[in-house]
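# Architecture at a glance
Listed here are the chains, written in short residue letters.
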Amino acid sequence: MSESRVAEFGFFTKDRTACFRLTAPHTAMGAYSWWKEPSWMVDSKRRRMTPNWPWLLSALTLLQVNAVQAHSLKRGSAQDLKCTTKNMQVWDCTWTAPVGVSPGTVKEVCIKDRLNSCHRLESTNIKIAALSPGDHEVAINYLNGFQSKFTLNENDVSLIPDTPESLDLSADFSTSTLHLRWNDRGSAFPYPCNATWEIKVLQNPSMELVKLVSFNTTLSGRDIVHHWNWTSDLPLQCATHSVGIRWYIDYNRFSGYKVWSDWSPLKNVSWTPNSETNVFPQDKVILAGSDITFCCVSQTKVLSGQIGKTFCPLIHLYGENVAIHIRNISVSENSGTNVVFTTEDNVYGTVVFAGYPPDIPQKLNCETHDFKEIICSWNPGRPTGLVGPRNTDYTLSESISGKSVPFKRFETLTNESYRLAFQMLPGQEIHNFTLTGRNPLGHAESAVFINITERVAPHVPVSLRVKDISSTVVTLSWHLPGNFAKINLLCQVEICKASSEREVRNATIKGAEESSYLVAVDKLNPYTLYTFRVRCSTETFWKWSKWSNEKRHLTTEAIPSRGPDTWREWSSDGKNLIIYWKPLPINEANGKILSYNVSCSSNEETQSLSEILDPQHRAEIQLEKSDYIISVVAKNSAGSSPPSKIASMEIPNDDIIVEQAVGMGKRIFLSWHPDPNMTCDYVIKWCNSSRSEPCLMDWIKVPSNSTKTVIESDQFQPGVRYNFYLYGCTNQGYQLLRSIIGYIEELAPIVAPNFTVEDTSADSILVKWEDIPVEELRGFLRGYLFYFQKGERDTPKTRTFETGHSDIKLKNITDISQKTLRIADLQGKTSYHLVLRAYTHGGLGPEKSMFVVTKENSVGLIIAILIPVAVAVIVGVVTSILCYRKREWIKETFYPDIPNPENCKALQFQKSICEGSSALKTLEMNPCTPNNVEVLESRSIVPKIEDTEIISPVAERPGESSEADPENHVVVSYCPPIIEEEIANPAADEVGGTSQVVYIDVQSMYQPQAKPEEEQGIDPGVVAAYKPQMRLPINSAVEDFAAAEDEADKTAGYRPQANVNTWNLVSPDSPRSTDSNSEIVSFGSPCSINSRQFLIPPKDEDSPKSNGGGWSFTNFFQNKPND
Amino acid sequence: MEDPQADSPVSFLPHLEAKIRQTHNLARLLTKYAEQLLEEYVQQQGDPFGLPGFSPPRLSLAGLSGPSPSHMGLPLSERLRQDAAALDALPGLLDAVRRRQAELNPSSPRLLRNLEDAARQARALGVAVETVLAALGSAARGPGPEPAATTALSTANNAAGIFSAKVLGLHVCGLYGEWVNRTEGDLSQLVPGDVA
């Protein structure tokens, strides 16, 4: 495709080149003349050297006249002599008469070295026979006596052939091809000589050169007609084309000049338009990817041109004719690519089919199925894109026989594979096939050379039949269509059992014509269902045929090859012997087992039981404990099997240790030591351990030379205990060699061990548990896990044992024989949570838990009481001793001497005030209605005063005060001895309160004074006791005190509170007590005149004691230096 | 027979009425088939067939042309006679188109089958119309020699280029639709209670 395009581009290039070459000959000739001129001038100079001056003058004249005559003369020859030849046999010479000489005055021309070489004539032209090579002196004599001489040589002669005449110029408009035909007139020339032709094609009306081509031929001495074809790019219908031709002869023995002939007269080719078709080319098939030009001949203006739906620019030719040029056209669809020109009043169009030439047929294969015809198949390769009449036609040719077979196409055929049948000729084995594919764009072929006897792929064997010969031999017959008389067939028989086991057997059979073939198949199994099928090839293998249809066949029965496997068990009561046997496998039963015969024989007799039909594989015989031999025989329709025998005697099982084994998956591995005494097979039987006797699930027989086996059964289940018994067989009968209990797979127990608490003490618990039943254990018991921790029932903490909990104590009991456990080091009277779990290799079983409370530990309790008491006593004794020894210091520190209040005049004043009631030591006056009055006992005033220097301003326990009066309980605290007495006060009761007089020993007040402020701070509202004015400024009441102090400063001495106006009688019950929740209320009691604070003489104002008034921490610390 | 000049439905015998109705139904069915045929034909010819701007001028087929605008002005029997004549000419034309398409589109079995069916159905409809005409007492033109249109088309098919054959095929398929449609319209005027 690209080559074609390049070729066409080349075509245009050549044309352009040709445009120049049209003038090139003239130019070349001119150039040649110009180039020859100096040479000629040199020759003239040489001529001047001659003494013949008149001739020289004449020659100069000729030189001037014929200056443009280029190549006619040689050095020393006359310049105006020009000789040409058309055929190298006759020279045609002309010259110009000298100046002043009439051309008609020529008398004769003489050639010097020729006989009779003078030719009379009266013109300046002469035709002479070709001269031999070399210089010839020519003399031209004129009537007037003038003579011109010059040398003539063949080199000076120009060979100019006659103008060629084209015989015929025709055009194939359908293909836009011009055909030119002309005669080379070779008979006129010596031969062989070469001729070069040049043909030009001009396109009208502009006479544009569209093609110039040259080529060589050889003239053979005969006239030969030549042909030249040229396909125009532009459809010939769209423009008139003219063709001209010229030539040039190259004869190597001719040494003169070779000159192109003149162009022949142009011949034209034009198309006569008709009304039917206006667009060209019509229905052309072209190579996809190539370029093509479409033109439209129209009398009216063409509006558009398009290919498919793509509009193309119009190329105006002449008149209204237009063209469009399509580059790289793509493969057309089936119905072709439409090219449409639209004019003002019509639509014209054509269809172009762009596709590919046929691909080389691929995978050409020729073979025969039956030696009647040869089937050749191939793959067409790349699709051509052309269909219908333009599709590829295939022809299969056989060169030896010369036969050809066309391929009949079916349009629905796919491109996958084509097939063609070639009828075989009798006796021909070698074939040379050539398959040729051809379409309008080209052709391609493929060849194969075969010996047909080596290319045999037989048909499928048919009519397969099977015939029994015996229970193990059958014959197969089948029909194979075809003539295979001259070859041997190789056939395969596939034998397939029902168990999908496949076997292929080969058989070589001599071929025949349209025959059936027979083979025997042996070594089959009796009573077995086989599936047969056959395929064939030839000995010189090429291909197998397809497999024939399958044929199923059941071989006939044979007697069972052996007796069934037997075993026996005594019944639990020991009276009956149960005989078990296994059904024979199909390959040993050799037929359908119909029944079994069981017989028992002893030395005395033989007892035959009734026939037992097949599905039953068990028989029970009532025997005495004597030795019997039990025989079991299987029967099918072909006969009975050899008997299987087994002794009835008990099998000793002494001193057998039961072993354990665990399997894997559904298999368990058993091994044993070889025993040379075991002469016949070993037998391993097994049963579920939970089954009752006689226990038999299954058994297997192992050859006596084996020492191990793997027992596998679908009946095995994980977590189930099985008993395995290994019996060895001796001549004396079976002997139990090993007894094994095992699991295929151990599982975790499904129940927890049942445990109880046997004994409980204050520090230990004894638990006891029971065994887990084997069915629920589901594996070999490996131990118990015992957990315990403190815990009450239903306490979340103890509901489950969390792993890793530090409180949990764990005991792993690996001694599975242990059934009790004592847990020691427990705490008395404590609840414990106990858990017990069993485990196997299959995992941990469920847990069982229990809560147990240990008993109380009395000794510990006693110890716990006695030790604190003893410690308290010891501390008390030590403290007493210390106090006793330091009593003086204590006395000085805590009980310094106090002035006697009897010496105070205030007491006298007190007496006068309280004179009305001698019994009363305190004054209670209205409106003060205290609920609680603390009275300082005055019965032993002096000693008491001496002992009670320290006075607590507030000696109230909140609890007691709240109990006494939850509302407002005002207690007038004093420091009496600790005599507590409740006095009824009806008057106070009447006003809704109780009056309580508390006698408080001053010494007992020592301790509460430690935190006076805190107590006030806790409930200041409740503490509304007597507050002497000398109190430390602890709370807001101090302000009152400060006011009083200021007043005292004004008086400059003791001012008793006798001035009742200054008393602040504030009581919760007082009418003036408007706010029960107010701050601490100072209560100035008239009885406070008895207070020692009042008794302190003012003369000691300067001293801290007198200034401070009463006991305080300050005083305490101030007194310390005195210590 | 009296020419059923009136274009209005008249009362016919039941079997005639059934025949007319049956023929009308056939024509109506073929109208849809003709549309499908034209669509399928255009689709298989490649661009610019089927493009909106492409409308080649009608080619004249000797002996068969499209229904003239004055067709409706003719008496019903004449219209039916023209319908029958056109339907008689169409099968040959459709067969010629099918043969050409078998070369151009051999792998388009549906188009070929539709063309074959169209020829058969046109023939059946033509015969049915002629039967109706005969029943109405208006004899149709008897089956003459091969219609000129068929001959012309066959000649054109062989001589003219493929493009012209495609355009001719398009024209024939269009004519088929037009005549079937026109026949359906003419028959509808005979169907009682089905007057447009």
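Residues numbered from 1 in each chain as written. Chains lettered and ligands numbered in written order. Predicted model: local features only at pLDDT ≥ 70, side-chain atom pairs only at ≥ 80, totals over all residues. Heavy atoms only, no water.

The name an unreviewed UniProt entry gives chain B is Cardiotrophin-1 isoform X3, with Mesocricetus auratus as the organism. Within the UniProt record for chain B, the comment given under Sequence similarities (unreviewed entry) is "Belongs to the IL-6 superfamily." (UniProt positions renumbered as here; feature names shortened; annotations may be inferred.)

Going by what an unreviewed UniProt entry lists, chain A is known as Leukemia inhibitory factor receptor isoform X1 and is assigned to Mesocricetus auratus. Regarding chain A, the relevant UniProt record gives this comment under Subcellular location (unreviewed entry): "Cell membrane". According to the UniProt record, the Sequence similarities (unreviewed entry) comment for chain A reads "Belongs to the type I cytokine receptor family. Type 2 subfamily."

### Focus: the overall build of chain A
Looking only at helices and strands, chain A has 17 helices and 66 strands in total. For chain A, with 1123 residues in total, the buried portion stands at 45%. Contacts spanning at least 24 positions in sequence make up 66% of the contacts within chain A whose residues lie at least 6 apart. Summed over its atoms, the accessible surface of chain A is roughly 58,800 Å², and 52% of this surface lies on carbon and sulfur atoms. (Helix = DSSP H or I, 4+ residues; strand = E, 2+ residues; numbered from the N terminus. Buried < 20%, exposed > 50% of the residue type's maximum accessible area, 1.4 Å probe, protein only. Contact = heavy atoms within 4.5 Å. Areas by Shrake-Rupley, 256 points an atom, 1.4 Å probe, with all protein chains shown as cover.)

### Examining the overall build of chain B
Looking only at helices and strands, chain B has five helices and zero strands in total. From first element to last, N terminus to C terminus, chain B shows the α and β order α-α-α-α-α. Relative to its full complement of 196 residues, chain B shows a buried share of 48%. Considering only contacts within chain B whose residues lie at least 6 apart along the sequence, 88% involve residues at least 24 apart.

### A few points about the confidence of the model for chain A
Residues and elements named next belong to chain A. The pLDDT averaged across chain A works out to 73; a share of 70% of its residues lies at or above 70. When mean pLDDT is taken per element in chain A, strand E33 (residues 462-468) scores highest with 94 and helix H1 (residues 2-21) scores lowest with 28. Under a pLDDT of 50 for its full length, residues 1-79 has, in the predicted model, 97 contacts with residues more than four places off or in other chains. Under a pLDDT of 50 for its full length, residues 937-1123 has, in the predicted model, 275 contacts with residues more than four places off or in other chains. (pLDDT = per-residue confidence, 0-100.)

### Things to note about the UniProt feature "transmembrane region" (unreviewed entry) in chain A
With numbering matched to this structure, UniProt assigns "transmembrane region" (unreviewed entry) to residues 859-884 of chain A. Span residues 859-884 of chain A is 100% helix and 0% strand, its end C-alpha atoms 37 Å apart.

### Some words on unusual backbone geometry
Backbone torsion omega between Phe280(A) and Pro281(A) reads -5°, so that peptide bond is classified as cis. Among the structural elements, Pro281(A) can be located in the loop between strand E17 (279-280) and strand E18 (284-287). In this chain, Asp47(B) is followed by Pro48(B) through a cis amide linkage whose omega measures 5°. Here Pro48(B) shows up in the loop between helix H1 (14-45) and helix H2 (76-104).

### Regarding the environment of Ile813(A)
All names here are of chain A. Structurally, the position occupied by Ile813 is in strand E59 (residues 809-813). With relative accessibility at 5%, the residue Ile813 sits in the buried group. For the pair Ile813 and Tyr784, spaced 29 residues apart in sequence, the C-alpha to C-alpha distance is 4.9 Å. In this structure, Ile813 is in contact with Trp769, Arg782, Gly783, Tyr784, Phe786, Gln818, Leu821 and Tyr839, ignoring residues within four places of it in sequence.

### Examining the packing of H1(B) against helix H5 (residues 162-188) of chain B
All names here are of chain B. Close contact between H1 and H5 brings their axes to 8 Å; oriented N to C, the two are set at 160°. Viewed along their axes, H1 and H5 adopt a mutual orientation that is roughly antiparallel. Along this stretch, H1 crosses H5, giving a crossing that reads as left-handed. Along the lines of polarity and charge, the residues of the contact of H1 with H5 split into 14 nonpolar, ten polar and three charged. (Axes fitted to C-alpha atoms, helices over the stretch in contact; angles between N-to-C directions. Parallel < 35°, antiparallel > 145°, perpendicular 65-115°, else oblique. Left-handed = near helix turned anticlockwise from the far one by under 90°. Nonpolar A, V, L, I, M, F, W, Y, C, P; charged D, E, K, R; others polar.)

### Concerning the side chain of Thr528(A)
Residues and elements named next belong to chain A. Inspection of the secondary structure assignment puts Thr528 in the loop between strand E37 (513-521) and strand E38 (529-538). A distance of 2.9 Å separates a polar atom in the side chain of Thr528 from the backbone oxygen of Pro526. Setting aside residues up to four positions removed in sequence, Thr528 forms contacts with Lys497, His553, Leu554 and Thr555. (Polar contact = N/O pair within 3.5 Å; in protein donor to acceptor, adjacent residues only side chain to side chain.)

### Structural notes on the pairing of strand E1 (residues 82-85) of chain A
Looking along a regular strand, one sees the side chains alternate between the two faces of the sheet. Residue and element names in this part refer to chain A. Burial along E1 is one-sided: the residues Cys83 and Thr85 are buried and none of Lys82 and Thr84 is. Direction of pairing for E1 relative to strand E2 (residues 90-94): antiparallel, over a ladder of four bridges. Residue pairing in the sheet places Lys82 in a bridge with Thr94 of E2. Hairpin connection of E1 to E2: four residues between the antiparallel strands, including Met88 at a positive phi of 65°. Where E1 meets strand E8 (residues 157-159), three bridges bridge the pair, whose relative direction is parallel. When the bridges of E8 are listed, Thr85 appears paired with Leu159. (Pairing = 2+ DSSP bridges.)

### Digging into the nonpolar core
Formed by 53 residues in total, the largest nonpolar core has its most connected members in Leu90(B), Leu94(B) and Tyr176(B). Counting residues per element, the ones that place at least two in this core are strand E25 (347-355) of chain A together with H1, H2, helix H3 (109-135) and H5 of chain B. Considering each element in turn, this core owes the most residues, twelve residues, to H5(B). Residue contacts for Tyr176(B): discarding those within four places in its chain leaves Leu30(B), Ala34(B), Leu37(B), Leu90(B), Leu94(B), Ala118(B), Gln121(B) and Ala122(B). Trp570(A), Leu670(A), Tyr725(A) and Ile744(A) belong to the second-largest nonpolar core, a separate cluster that totals 51 residues. (Core = buried A, V, L, I, M, F, W, Y, C linked by side-chain atoms within 4.5 Å.)

### So, the sheet that holds strand E4 (residues 118-120) of chain A
All names here are of chain A. Spatial ordering of the open sheet is given by E4-E3-E6-E7, a layout of four strands whose pairing is antiparallel. Of all strands in the sheet, those with a lone pairing partner are E4 and strand E7 (147-152), marking the two edges. Across this sheet, the average inter-strand angle for adjacent strands is 20°, counted without regard to direction.

### Some remarks on H3(B)
For H3(B), built from 27 residues, the straight-helix expectation of 39 Å at 1.5 Å per residue is met to within 8% by its first-to-last C-alpha distance of 38 Å. Gly137(B), located one to two residues past H3(B), shows a positive phi value of around 90°. (Expected span 1.5 Å × (residues − 1).)

### Points about the interface of chain A and chain B
The interface of chain A with chain B comprises 23 residues on the first partner and 20 residues on the second. Each partner contributes to the roughly 1,600 Å² buried at the junction of chain A and chain B, and carbon and sulfur atoms together form 58% of this total. It is Ser335(A), Asn338(A) and Val347(A) that lose the most area in chain A upon contact with chain B, and together they represent 27% of the buried surface on that side. Where chain A packs against chain B, one counts zero salt bridges. Counting every contact that joins chain A to chain B gives eight residue pairs in polar contact (both at pLDDT 80 or more). Looking at the side of chain A that touches chain B, the element that brings in the most residues is E25(A), giving six residues. (Buried area = accessible area lost by both parts, 1.4 Å probe. Salt bridge = Lys/Arg side-chain N within 4 Å of Asp/Glu carboxyl O.)

### A few points about the pattern of salt bridges
Residue and element names in this part refer to chain A. Summed over the entire model, instances satisfying the criterion amount to 26 salt bridges over all chains. The salt bridge involving Glu503 is made with Arg505; its shortest N-O contact spans 2.8 Å. Among the residues examined, Arg505 registers a relative accessible area of 19% and is labelled buried. A salt bridge links Arg738 to Glu659; its shortest N-O distance comes to 2.4 Å. Note that Arg738 is positioned in strand E55 (residues 733-743) and Glu659 in strand E49 (residues 658-662), a separation of 79 residues in sequence. Three or more residues are tied together by salt bridges with common partners; here these are Glu494, Arg502 and Arg533.

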